Structure formats: C-alpha cells, structure tokens
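# Close look at the chain arrangement
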Amino acid sequence: MLVLAHISDLHLDGSTRATERAERVRDRLWELPGPVDALLVTGDIAEHGTEPEYEEAARILGLRTGDAPFPVLTCPGNHDSRRPYRKALLDRPGGEGPVNTVRVFDDGAVLMCDSSIPGRDDGELDDETYDWIETTLDELGGGLPALLVLHHPPVALHHPLPDAYPLRNPGRLAGLQARRPEIAGLITGHAHTPAATTFAGRPMVVGPGVTWTLRLPWEGEQIADREAPPGFALHVLDDSGRLTSHFRVVP
C-alpha cells in the first residue's frame, strides 16, 4: 500500500499570508503520526516564478535541510518558471525543457509530469514528456501500478476559470492510458478546489489549493475564497491498484 500526501498551488510570493498558509499545512503534514511515503506538490509553487520564491519553497518544504520526514516530489504549474525552478528549488542546472521526474516505491511508481507551457496559463504534455512517460513505463515493465501527476486537469471541472485553461489535447493522454493498463490514475492541481472524477476510465483527483479555494458558480459570484482554510489530500494506492483519496483542511 502506497500512501501519498498531496498539496497544490502554494503561490508563494514573499507575502506573510502566503508563507503562513504554506507553513501551516507543512507543519500539519510533518506532524502526521502514521507512515506517509511521499508528499506530492502539483505546481504553482511560486506566484511569479522567481528564484527567491523557489528558495522560500525549498526552505518550507525542507528540500535543502532534509527536514522533511518523507520524500517531497514536485512538478511545475503555469505560474512556475522552469529555469529558476530547477536552480533554486531542485538545486539542478537550469534549463528550459520540461521538468519530469519519477519515484519508484515498492508498491507503485509516481511520475511527476510537466504540463506547463512557458508563457501560457493552459497546459500540455509535449512530445518529450510523452516519450519520457512511455520510456519510464517500459522500464518499469508493467509490474507496478503507476500514477501520473501533473498540474493541469484534462477534464472540465464546471467552473469557467479553470475550464478556460485546461490541459490541451486530452485525447492524446486518453490514448496513452488506453495502451497502459498499469496507469492507476491521475493526480492534478490548478483548480484550487478538491475534486474527484474519472478520465479515460481511470480515477482523476484534483488537490485543494493552499493559497485560496475556488468558489463554484452556485456558491456565489466571488471566485476566490481567501478566507477558506488551506487543505491537503491523502491518496492511498492499495495492493489491487485502486486509488482512494481523502481530503483535509488545516484551520
């Protein structure tokens, strides 16, 4: 059984508010008494994509000090910038290509996929990323269930804001899933609202936003609920390859 904590959309901008909310969620996760295999951070880590914002994220998430009690896995969102993301957050040489990483556990694999398009708010998995996914799954041999983790959801979430900036060409991703029965589900961010649905016959889960929560059209005209508490998700990938998700808020 694989247990994954999940946060998204920190939008760190140097403000006291953004820092406090991120640290509040971090503290709750670090204090969990039971075993967690990893923390997933699904993009929009920074608000403006600057090095100081990623340096703060690295500090909060314990990426420099090793303070995190479990591995922290990240992927970029539309507010992120690849070169400073690599340099200041991951401590790797800068570059403009997609930031894709994989972590293999005894009970499953997690593929952190870069769906960002530099300079745009919508998303797309480019040819390099699709080739990387295919190669990575080939190397795993089909024996482990795999989760694809990315920022942009490939389906409509029934709000005009996230639905205006979706993952482009979702049919290509659906085709990949049809060829790859080992893909157990998709985990995304971007929408600032916890949500669960299906995509191409597999579970698809959207993590809650740390910085603010999306109000749906029937909840009122105000789009961003900045007073709602930040939240996180806990995903369980069991021995049968079934994905189950739980959501929590941090008052």
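Residues numbered from 1 in each chain as written. Predicted model: local features only at pLDDT ≥ 70, side-chain atom pairs only at ≥ 80, totals over all residues. Heavy atoms only, no water.

## Some words on the layout of surface pockets
Taken as a whole, the largest pocket encloses approximately 360 Å³ of empty space. In terms of lining, the largest pocket is formed by 21 residues, of which the most central are His 11, Glu 47, His 79, His 192 and Trp 212. Contributing elements (two or more residues each) for the lining of the largest pocket: α1 (16-30) and α5 (160-163). Counted by class, the lining of the largest pocket contains 7 nonpolar, 7 polar and 7 charged residues. Reported here for the second largest pocket is a volume of approximately 280 Å³. Together, 16 residues line the second largest pocket, and Val 72, Leu 73, Thr 74, Leu 90 and Arg 92 are the ones closest to its centre. Listed by contribution, the elements that provide at least two residues to the lining of the second largest pocket are β3 (72-75), α3 (82-89) and β4 (101-105). Of the residues assigned to the lining of the second largest pocket, the class counts are 10 nonpolar, 2 polar and 4 charged. (1 Å grid on protein atoms, 1.4 Å probe; cavity = no way out; pocket = protein on both sides within 12 Å on 5 of 7 lines; lining within 4 Å. Points joined across faces, edges and corners; volume = space filled by probe spheres on them. Helix = DSSP H or I, 4+ residues; strand = E, 2+ residues; numbered from the N terminus. Nonpolar A, V, L, I, M, F, W, Y, C, P; charged D, E, K, R; others polar.)

## A closer look at the sheet that holds strand β1 (residues 2-7)
The strand order across the open sheet built from 5 strands is β3-β2-β1-β12-β13, with neighbouring strands paired in mixed fashion. The two strands at the open ends of the sheet, each matched to only one other strand, are β3 and β13 (243-249). Sheet twist, expressed as the mean angle between neighbouring strand axes with direction ignored, is 25°. Where β1 lies against strand β2 (residues 38-42), 4 bridges are found, and the strand directions are parallel. Counted as the bridge partner of Ile 7 is Val 41 from β2. (Pairing = 2+ DSSP bridges. Axes fitted to C-alpha atoms, helices over the stretch in contact; angles between N-to-C directions.)

## Topic: empty space enclosed by the protein
A complete count under the given rule lists 2 cavities of 30 Å³ or more for this structure. Residue lining of the largest cavity: Pro 153, Val 155, Ala 156, Leu 157, Pro 162, Asp 163, Pro 166 and His 190, and that is the complete set. Looking at the second largest cavity, its volume works out to about 30 Å³. The wall of the second largest cavity is formed by Glu 124, Leu 125, Tyr 130, Arg 168, Asn 169 and Arg 172. Classifying every residue of the lining of the second largest cavity gives 2 nonpolar, 1 polar and 3 charged.

Any functional reading would require information beyond the geometric quantities listed.
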